[in-house]
Amino acid sequence: MNSKYDIFISYRRKETADKAEHLFTLLEHEGYKGRVSFDRENLDGRFDIEILKRLDNCKDFIVILSHDTLSILKEEETGWYHRLAYCTIDEFPHIEMEMKAAGGNLDFVRLEIARALAKGKHIIPVVPINSYNYNFDNLRLTDDICLLIKQHAERYQDTKDFLFKDILPRIIKRLKSRPDRTFWTKYVVAALLSVVLIICFGGWLKWNRENIEFKNCRTQADYEFFAQKTDFFRSECEDSLYCFKELTRNIIPINDAKNTGKKDSIRVNWGKNCSLQQLHTLRNLINNMMYVEKGTFIMGTANPVGLEGVECDVTIEKDYYIGKFEVTEYEWNVVMNDSTTINKKLPMAMISWNDCQEFIRKLQTLTGLLFSLPTESQWEYAAKKNGEKDWIYAGSNTPTDVANYNESSKNGTIEETGNRAPNGLELYDMSGNVSEWCSDGDGNGNDNRKRVRGGSFMSSLEEIVVTYSDVATADTKSEAIGLRLSLNP
C-alpha cells in the first residue's frame, strides 16, 4: 500500500482541473515533492482503489471547489455515499457495483469529501470568495457531506488571472504535513511565532473578542470600521466588502413578461443600513418583479359570486411591475428583522394589511423604490395576462394545474411558491395557495375593510377564479392571507 502521499487534492476536472494542477505544482516546489497525490500526474493501478488507498493514508485533504462543483448532488443517493465512506477497501468494489446496478452514478468528488469526513482527515476547503450567487457558508449540502461547511475555508478570486500563490502561504500554514527537511529552516521562525501566538492566552482572548465583533457586523460601514482595527479577520472583512461592492450596484437586471420584451433593468438607491443578507434577498426579490404594460381591459364578471363588480371597461394608465411569486416567510423576516427562516419558498401568511404597510415602508427605505400592494384592477389585469379573458383561473381552465385550493391541497396546507404552473406573465399562485391583500378599500367608504384577491388553499373552486373578490378588516391575520408586491417604475 502506497503511503507516501501525505496531501490529497480533490477536484472536479470540468470546473477546477487547472486550479488543482497549479496548486499541485506550487506544493511540489515548496518542499512537498513526491508527496502530493494528483491523479493527472502520478496515478497508477486501478483508479478507484488507488484513490481510496491514497485518501485513507493521507494527512491533509484539500478540496478545490468552484461555484458549480456541488450543484449536482442527489439527496436520494446519500445512503450509498454513507456506505462508501465507511466501507473497507475490499468492500468498496461490491458496494460500487450495487450502486451502479441500482441506477446510481458514482461521483468521486462527493465520495472523496464524504470519506475524508468519515476518516477524520484534516480538511482544507479552497473555495471562491462569497459573491451574489455563491456563499460557501450557506451551501445546502446532503447529509453525507454537510459537515464540509463547518471547516474553515481558504478563499480565492474566481478569475482567470488569479494565482494560487496569493493564498499558498495560508494553505501551507494549515497543513499538518511538514515540508522536507531542506525547507525546515525557511519556515522555522514563522512556525515558532505562530505557535507562540496560538498558545498565548492574551492572543486567544483577542481573537475571541474580534470573532464576536465580526459576527456582529451588518452594514458596509460596520465592516469598513472593523477592517481597520482587526488583526485576525481582515481578509474576511475584505471578502464582505467585496460582496457589498458587487451587491450595491445601482442597476439590477429584472424579469420582463414574454409578451413585452421591455424594462429589463431598474435603478435602485440602496439604503446605508442594508446588511449583506438583506442585499442578497432584495436583489433576488427585485429581479423577480415582472413587467406589466398599461392597457384597457374588461374587469369583473357577468355572474358575481363574491364582492366582485359586474363587467366594465377599466384602464391601467401606467406600466408597473408585479411580483412573480407571493412574498415568502424568508423574504419577510430578512427585510423586517434581518433574520432568516429555514424554508425560503413558503409564502408569508398571518400578516394583516397594516403589517404589509410596515413591510412596504421598510422595503422603500432599503431600496428607494416605490413598492406597494397592487390595486384590485392591477391584480386582475395581471392575473388575466394584460387583461386577456382566455382563462377562468390564472393561467388555465384546469384549476389543479395552477391552483392549490381546497380540492387539490395536500393535507389542507400552504404549498411552497412556484409549485404549480404560472399564467401568461409567468406569475405563480395568482389562483389559490394564499389570498393576497390589495391596496383598495371595500368600495363602500369603509377604510378599515380591504380587498383580498385570488383565493387560498382553503377556498372553493368558485373563489379561485381571476375575477373573485373578497374583503377583510385591515387588522385581520389569517393563515390563508398573504401578499404579492407591486412596484411603480
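Treat the numbers as computed from the prediction; the structure is a model and nothing was measured.

**Q** So what's going on with a nonpolar patch on the surface? Which residues, and what values?
**A** Residues Phe 201, Trp 204, Leu 205 and Trp 207 make up a contiguous nonpolar surface patch of about 440 Å² in total accessible area. Counting through the fold element by element, Trp 204 comes out in helix α9 (residues 201-216). According to the relative accessible area criterion, Trp 204 is partly exposed, its value standing at 45%.

**Q** Just give me the short version of the nonpolar core, but keep the residues and values in it.
**A** The biggest cluster of nonpolar side chains holds 46 residues, and the ones touching the most others in it are Ile 266, Ile 286, Phe 371, Trp 437, Leu 483 and Leu 485. Among the elements of the structure, α10 (220-227), α11 (234-247), α12 (276-287), β8 (289-292), α13 (329-337) and α14 (353-367) are those that each provide at least two residues to this core. By residue number, the principal contributor to this core is α14, which donates six residues. Ignoring anything within four residues of it in the chain, the contact list for Phe 371 reads Leu 285, Ile 286, Met 289, Ile 360, Leu 363, Gln 364, Leu 485, Ser 486 and Leu 487. Listed in part, the 34 residues of the second largest apolar core include Ile 51, Ile 95, Val 109 and Ile 123.

**Q** I'd like a rundown of unusual backbone geometry, residues and numbers included.
**A** Residue Met 350 is not a glycine yet carries a positive backbone phi of 60°. Along the chain, the position of Met 350 falls in the loop between α13 and α14. The exposure class assigned to Met 350 is partly exposed, which follows from its relative accessible area of 46%. If you check the backbone angles, Asn 433 has positive phi at about 70° while not being a glycine. Along the polypeptide, Asn 433 turns up in the loop between α16 (399-402) and β13 (435-441).

**Q** Lay out the layout of surface pockets with the relevant residues and their values.
**A** The space that makes up the second largest pocket amounts to roughly 210 Å³. Put simply, the parts of the chain that give the lining of the second largest pocket at least two residues each are β1 (7-10), α3 (47-57) and α6 (108-118). Looking at the lining of the second largest pocket, its residues break down into eight nonpolar, two polar and five charged.

**Q** Summarise the sheet that holds β1; cite the residues concerned and give the values.
**A** Read across the sheet, five strands follow the order β2-β1-β3-β4-β5 without closing on themselves; strand pairing throughout is parallel. Of all the strands in the sheet, just β2 (36-37) and β5 (154-156) have a single pairing partner and so form its edges. Relative to strand β4 (residues 122-128), strand β3 (residues 60-64) is paired through five bridges, and the arrangement is parallel. From the neighbouring strand, Val 63 faces β4, where its bridge partner is Pro 125.

**Q** Quick one: what's the story with the confidence of the model for the protein, residue by residue and with numbers?
**A** The predicted model of the protein averages 89 in pLDDT, with 92% of residues at 70 or higher. Mean pLDDT per element in the protein: helix α8 (residues 184-199) is the minimum at 58, and strand β16 (residues 481-482) is the maximum at 98. Residue range residues 256-261 is modelled with pLDDT below 50. Its contacts to residues more than four positions away, or to other chains, number 14 contacts.

**Q** Any chance you could break down the pattern of salt bridges for me, citing the residues and the numbers?
**A** Under the defined criterion, the tally for this structure stands at 30 salt bridges. Note that Arg 420 is salt-bridged to Glu 415, the shortest N-O span being 2.6 Å. Here Arg 420 and Glu 415 have matching classes, each one buried. Across the pair Asp 442 and Arg 449 runs a salt bridge whose closest N-O atoms are separated by 3.3 Å. Since its relative accessible area comes to 7%, Asp 442 is described here as buried.

**Q** Hey, could you go over the packing of aromatic side chains for me, with residue numbers and the actual values?
**A** The full count for this structure, using the stated rule, is 13 aromatic pairs. Ring centres of Phe 8 and Phe 61 lie 5.8 Å apart, and the angle between their planes is 15°; on these two criteria the pair is classed as stacked. Pair noted here: Phe 8 is in strand β1 and Phe 61 is in strand β3, with a separation of 53 residues, a long-range link. Centre to centre, the rings of Phe 297 and Tyr 381 are 5.1 Å apart; their planes meet at 50°, and the pair counts as tilted. Pair noted here: Phe 297 is in strand β9 (residues 295-299) and Tyr 381 is in helix α15 (residues 376-383), with a separation of 84 residues, a long-range link. Site record: aromatic cluster; members linked through ring pairs are Trp 207, Phe 214, Tyr 223, Phe 226, Phe 233 and Phe 244. The ring of Trp 353 has Lys 450 sitting right over it, with the charged end atom 4.2 Å from the ring centre.

**Q** Run through the sheet that holds strand β12 (residues 370-372), naming residues and quoting values.
**A** The sheet built from four strands is open, its strands ordered β8-β11-β17-β12 with antiparallel pairing. Of all the strands in the sheet, the pair left with one neighbour each is β8 and β12. Neighbouring strand axes in the sheet, compared pairwise and without regard to direction, differ in orientation by 30° on average.

**Q** For α6, give the residues involved together with the corresponding values.
**A** Judged by how many residues are buried, α6 sits mostly within the fold: nine of eleven residues are covered. Buried within α6 are the following residues: Phe 108, Val 109, Arg 110, Leu 111, Glu 112, Ile 113, Ala 114, Arg 115 and Ala 116. Elements in contact with the buried residues of α6: β1, α3, β3, α4 (78-86), α5 (92-101) and β4. Among the residues of α6, the N-terminal cap falls to Asp 107, whose side-chain oxygen and the backbone nitrogen of Val 109 are separated by 3.1 Å. Gly 120 lies just past α6 and shows a positive phi near 70°.

Parameters at a glance
- Residue positions are counted from 1 within each chain, in the order its sequence is given.
- Per-residue local features of the predicted model are confined to residues with pLDDT of at least 70, and side-chain atom pairs are confined, for both listing and counting, to 80 or more; whole-chain, interface and lining totals are unaffected and use all residues.
- Just so you know, side-chain values use all the structure's heavy atoms and leave hydrogens and water out.
- To count toward a patch, a residue needs a relative accessible area over 30% and no salt bridge; like charges are then connected within 9 Å, while nonpolar side chains (Val, Leu, Ile, Met, Phe, Trp, Tyr) are connected within 5 Å.
- A 1.4 Å probe and the Shrake-Rupley method give the accessible areas. Residues count as covered only by the protein chains that appear here.
- Any carboxyl oxygen of Asp or Glu that lies within 4 Å of a side-chain nitrogen of Lys or Arg is treated as forming a salt bridge with it.
- For helices the rule is a DSSP run of H or I covering at least 4 residues; for strands it is a run of E covering at least 2, with both sets numbered from the N terminus onward.
- Each residue's exposure class comes from its accessible area (1.4 Å probe, protein chains only) as a fraction of the maximum for that residue type: buried when under 20%, exposed when over 50%, partly exposed otherwise.
- In this text, buried Ala, Val, Leu, Ile, Met, Phe, Trp, Tyr and Cys residues form a nonpolar core when linked through side-chain atoms within 4.5 Å.
- Contacts are assigned to residue pairs that have any heavy atoms within 4.5 Å of one another.
- Only protein atoms enter the 1 Å grid used here. Points where a 1.4 Å probe fits but cannot escape make up a cavity, open sets with protein on both sides within 12 Å along at least five of seven lines make up a pocket, and a residue lines them when an atom lies within 4 Å of a point.
- Grid points are joined across faces, edges and corners, and a volume is the space filled by probe spheres set on the points.
- Gly counts as polar in this scheme, as do all residues outside two lists: the nonpolar Ala, Val, Leu, Ile, Met, Phe, Trp, Tyr, Cys and Pro, and the charged Asp, Glu, Lys and Arg.
- Here, a strand pair is defined by DSSP locating no fewer than two bridges between the strands.
- Confidence scores per residue from the predictor, reported as pLDDT, run from 0 to 100.
- Any pair of Phe, Tyr and Trp rings, taking the six-membered ring for Trp, is counted once the centres come within 6.5 Å. Such a pair is stacked with planes under 30 degrees apart, edge-to-face with planes over 60 apart, and tilted for the rest.
- Placement of a positive charge over a ring is assigned whenever Lys NZ or Arg CZ falls within 6 Å of the ring centre and within 35 degrees of the normal to the ring plane.
- Note on method: axes are straight lines fitted to C-alpha atoms, helices fitted across the in-contact stretch only, with angles between N-to-C directions ranging 0 to 180 degrees.
- Whenever a nitrogen or oxygen atom comes within 3.5 Å of another N or O atom, the pair is scored as a polar contact, on the condition that within protein one atom can donate a hydrogen and the other can accept it, and that pairs from neighbouring residues in sequence are kept only if both atoms are in side chains.

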